[in-house]
Amino acid sequence: MPELPEVEIVRQSLEKKVRDKIIQKVLIKNRNLRFKIQSNFQKHLLKKRIKKIDRFSKYIIITFEDSSGFIIHLGMSGTIHLLHINKKNIYTNSSFYNSPILPKKHNHIEIEFEKIKIIYNDPRRFGYFLTFNNKLELNKKFLHFGPEPFSEAFNLKYILKHLKNKEKNIKNFLLDQKFVSGIGNIYASEILFYSKINPSRKAKNLNKNDCKKILFNSKLVLKMAIKKGGSTIQNFQNVNGKIGSFQKNFKVYQRENLKCIEPKCSGFIKKKIISNRSSFFCNYCQK
DNA sequence: AAGAGGCCCTGATAGC
DNA sequence: TGCTATCAGGGCCTCT
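About the cut-offs
- Along each chain, residues carry numbers from 1 onward, in the same order as the chain's sequence is written.
- Written order decides the labels, with chains lettered from A and ligands numbered from 1.
- Given that this is a predicted model, residues contribute local features only at a pLDDT of at least 70 and side-chain atom pairs are listed and counted only at 80 or more, while totals for whole chains, interfaces and linings are drawn from all residues.
- By convention in this description, side-chain values take in all heavy atoms of the structure and omit both hydrogens and water.
- In this description a helix means any DSSP run of H or I spanning at least four residues, a strand means any run of E spanning at least two, and both kinds are numbered starting from the N terminus.
- C-alpha atoms define the radius of gyration in this analysis, and the globule rule sets the expected value at 2.2 Å times the number of residues to the power 0.38.
- Exposed residues in this analysis have more than 50% of their type's maximum accessible area, buried residues have under 20%, and partly exposed residues fall in between, with area computed by a 1.4 Å probe over protein chains only.
- Contact definition: two residues touch when any of their heavy atoms are within 4.5 Å.
- To be clear on the numbers: accessible area is Shrake-Rupley with a 1.4 Å probe, and residue cover counts the displayed protein chains and nothing else.
- For the charge count, each Lys or Arg is scored as positive and each Asp or Glu as negative, with His and the chain ends excluded.
- Note on charges: their place is set at NZ of Lys, CZ of Arg, CG of Asp or CD of Glu.
- Any pair of nitrogen or oxygen atoms within 3.5 Å is treated as a polar contact; in protein, a donor-acceptor pairing is required on top of that, and neighbouring residues in sequence qualify only through side-chain atoms on both sides.
- One less than the number of residues in a helix, times 1.5 Å, gives the span that helix is expected to have.
- Only buried Ala, Val, Leu, Ile, Met, Phe, Trp, Tyr and Cys residues count toward a nonpolar core, and they belong to the same one when joined by side-chain atoms within 4.5 Å.
- Ring geometry is summarised as follows: Phe, Tyr and Trp rings, the Trp one being its six-membered ring, pair when their centres sit within 6.5 Å, and such pairs are stacked at plane angles under 30 degrees, edge-to-face over 60 and tilted between the two.
- Each ring is checked for a lysine NZ or an arginine CZ that lies within 6 Å of its centre and within 35 degrees of its normal; such an atom marks a charge sitting over the ring.
- What makes two strands pair is DSSP finding at least two bridges between them.
- For helices, the axis comes from a line fit to the C-alpha atoms of the stretch in contact; other axes are also lines fit to C-alpha atoms, and the angle between any two N-to-C directions lies between 0 and 180 degrees.

Digging into the overall build of chain A
Right, so step 1: Counting secondary structure elements, chain A contains seven helices and 11 strands.
Right, so step 2: Expected size for 287 residues packed as a compact globule is a radius of gyration near 19 Å; at 20 Å, chain A falls within 12% of this value.
Right, so step 3: The buried share of chain A, reckoned over its 287 residues, is 52%.
Right, so step 4: Long-range contacts, defined as pairs at least 24 residues apart, comprise 63% of the intrachain contacts of chain A with a sequence gap of at least 6.
Right, so step 5: Split by element, the accessible area of chain A, about 14,700 Å² in all, is 50% carbon and sulfur.
Right, so step 6: Looking at chain A, you have 58 positive and 21 negative side-chain charges, and the mean spots of the two groups are 4 Å apart.

Some points on the side chain of N107
Right, so step 1: Positionally, N107 belongs in strand 7 (residues 107–113).
Right, so step 2: You can call N107 buried: its relative accessible area is 12%.
Right, so step 3: Here the side chain of N107 touches N121 through a polar contact of 2.7 Å, side chain to side chain.
Right, so step 4: Discounting residues that sit within four places of it in the chain, N107 has contacts with K29, L102, I119, Y120 and N121.

Some points on the side chain of S231
Right, so step 1: Positionally, S231 belongs in the loop between helix 7 (208–227) and strand 10 (269–274).
Right, so step 2: Reaching out from S231, the side chain makes a polar contact with the side chain of Y187 at a distance of 2.7 Å.

Observations concerning helix 7
Since the α-helix turns once every 3.6 residues, residues separated by three or four places project in the same direction.
Right, so step 1: Compared with an ideal rise of 1.5 Å per residue, which puts 20 residues at 28 Å, helix 7 spans 29 Å between its outermost C-alpha atoms and is within 8% of the ideal.
Right, so step 2: Where helix 7 is concerned, the buried positions are D210, C211, I214, L215, N217, S218, V221, L222 and A225.
Right, so step 3: If you follow the buried residues of helix 7, they end up packed against helix 1 (4–18), helix 4 (156–163), helix 5 (170–175) and helix 6 (185–194).
Right, so step 4: Its side-chain oxygen placed 3.0 Å from the backbone nitrogen of N209, N207 serves as the N-cap of helix 7.
Right, so step 5: Downstream of helix 7 by a residue or two, G229 has a phi angle that is positive, lying close to 80°.

Description of unusual backbone geometry
Right, so step 1: The backbone of S67 sits at a positive phi, close to 75°, despite the residue not being glycine.
Right, so step 2: Relative to the assigned elements, S67 resides in the loop between strand 3 (59–64) and strand 4 (69–73).
Right, so step 3: In the Ramachandran plot, R125 falls in the positive-phi region, its phi being about 60° despite a non-glycine side chain.
Right, so step 4: The topology assignment puts R125 in the loop between strand 8 (116–121) and strand 9 (128–132).
Right, so step 5: Classification of R125 as partly exposed rests on a relative accessible area of 34%.

What about the nonpolar core?
Right, so step 1: I159, L163, I170, L174, F179, I183 and Y187 are the most contacted members of the largest nonpolar core, which totals 38 residues.
Right, so step 2: Secondary-structure elements contributing two or more residues to this core are helix 4, helix 5, helix 6, helix 7 and strand 11 (277–282).
Right, so step 3: Beyond its immediate chain neighbours, meaning those up to four positions away, L174 contacts F179, V180, I183, A188, I191, L192 and I214.
Right, so step 4: Membership of the second largest hydrophobic core comes to 28 residues, among which are V26, F41, L82 and I118.

Examining the packing of aromatic side chains
Right, so step 1: Evaluation of the coordinates by the stated rule reveals 21 aromatic pairs.
Right, so step 2: Taking the centre distance of 6.0 Å and the plane angle of 45° together, the rings of F64 and F70 count as tilted.
Right, so step 3: F70 gets classed as buried once you look at its relative accessible area, which sits at 1%.
Right, so step 4: Here the aromatic residues F35, F56, Y59, Y128, F142 and F145 are joined through ring pairs into a cluster of three or more.
Right, so step 5: Lying across the ring of F173, K168 places its NZ or CZ 4.7 Å from the centre.
Right, so step 6: In this arrangement the basic side chain of K287 is found over the ring face of Y284, its NZ or CZ atom lying 5.3 Å from the centre.

Concerning the sheet that holds strand 3
Right, so step 1: The sheet built from four strands is open, its strands ordered 2-3-4-9 with antiparallel pairing. Every other strand in the sheet has two partners, leaving strand 2 (50–56) and strand 9 as the edge strands with one partner each. The mean inter-strand angle of the sheet, taken between neighbouring strand axes irrespective of direction, is 20°.
Right, so step 2: Judged from the five bridges that link them, strand 3 and strand 4 form a sheet pairing that is antiparallel. Within the sheet, the bridge partner assigned to T63 lies in strand 4 and is G69.
Right, so step 3: On the sheet, helix 1 packs against strand 2 and strand 3 and is oriented at approximately 170° with respect to strand 2.

Structure below.
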């Protein structure tokens, strides 16, 4: 599911619902996520008050009053659900990003607050939770990550320097979290379409103007996606207003064989597997 | 040492 | 109550 925009929407939702709340109970139904849930996980969370909920790249960072906390990564299929206690003392499902219905299977972790609880669901279990004891430990986790597209550090000079003499194609560069953090397979294709650059182009062959476009469009596409509440690929039956809609704005992703959306372009969208991931592009206007 | 590919896992869908 | 193959929003690890 989640690239930077989707994770940001989850962060915003969590902030509204659980900031300043105290964790009353932690239930682990399945420890075997991408990495095994640490044995001290429950103790680490219990009775802690949530001070802030940040995001870096595709990671949600939950910090307690004492600067300890934990990180959530949603992997490919992780979703967070919210349940309220009603007047009859029964938990009722509540709308939440991308997940209006609580699935029956794969609810691995429950974190309870007063009158509210969040449930982590993840069929493929590529996501994970990781605790940290202080800011230093947290920073260490992200030490080798590249800047986010919105960061000052992600500038023309930085991009030129990193792409120089590199054989690797530009699509893979955008997916490389050591180069830039937060872009995934959907937005990589979209950003390259906006930039009129073919995903297979070798990084070393991009000129200064190409890099400028990538810089500009990375920010543009991700910001538009956040504004639209992220992208929802899966079709849920009981759709409500909380579901992201940026998939309606896809120019190339999952538009194989459809006509290029560019007004003066007569090309069609092609799909090509690059490093085992699908890439979508117009082979006419993306040079 | 940069870059490619396998792999972790379940579910939805298409094609037979 | 079919079966099988393919693909899916990520990223760590290994091999060359």
